[in-house]
Amino acid sequence: HVDRQVQPDFDAKMRTSGSELWDYTCQFCGLTNPEFDEHGLDLHYWRDCPMLVSCRECEQVIEVQGLSEHLLSECPNRELYSACPVTGEAVKSHQQSAWKRSPFFTPLREGAIGRCPLCHVDIMSSVPDDSGARTETELEDGTWRDHLMRACPRNERTMR
């Protein structure tokens, strides 16, 4: 799920392009940039947004937190993958036995809201209830955002 709330840190700088309204804000990471018109946002999504990743099988750009689901059910090469029975992560079927011997073959810790498909760390809800988020989904989105933008050691889009 994606927190699609407009971030309030770019005060009233709105522009109309034809019938489209642009607010210069990435709906995934919250970054604001005056170059984020339709083309600028597309480039950001494709190359730079730390919340997104290019599927290694089909090159489709998707949300990192949905990578396993994509590989298991949406990717044109989904037949190459199966779900790990312990973690739920997408693992290449021919690599299942090696996966089961890896340190990542462990159940989610209690309280985890998911596991990062890039670094295999359990994502623990760390956003306090008084964070201003109104729903559980917004709390989870904020937790994923914190991990992918600041803590994930395998997020190539934050390592540049």
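Computed from a prediction, not measured in an experiment: that's the story for all the values here. (Residues numbered from 1 in each chain as written. Predicted model: local features only at pLDDT ≥ 70, side-chain atom pairs only at ≥ 80, totals over all residues. Heavy atoms only, no water.)

Draft legend 1. Up close: the pattern of salt bridges. This model, assessed by the stated rule, comprises five salt bridges. Linking Arg115 and Asp122 is a salt bridge whose minimum nitrogen-to-oxygen distance equals 2.6 Å. Arg115 gets classed as buried once you look at its relative accessible area, which sits at 9%. Ionic pairing is found between Asp146 and Arg150, a salt bridge with its closest N-O pair at 2.8 Å. Here Arg150 and Asp146 lie together in helix H4 (residues 136–151), a separation of four residues that amounts to about one turn. Using a relative accessible area of 33% as the deciding quantity, one classes Asp146 as partly exposed. Overlapping salt bridges, with partners in common, bring together Glu89, Arg115 and Asp122 in one network. (Salt bridge = Lys/Arg side-chain N within 4 Å of Asp/Glu carboxyl O. Buried < 20%, exposed > 50% of the residue type's maximum accessible area, 1.4 Å probe, protein only. Helix = DSSP H or I, 4+ residues; strand = E, 2+ residues; numbered from the N terminus.)

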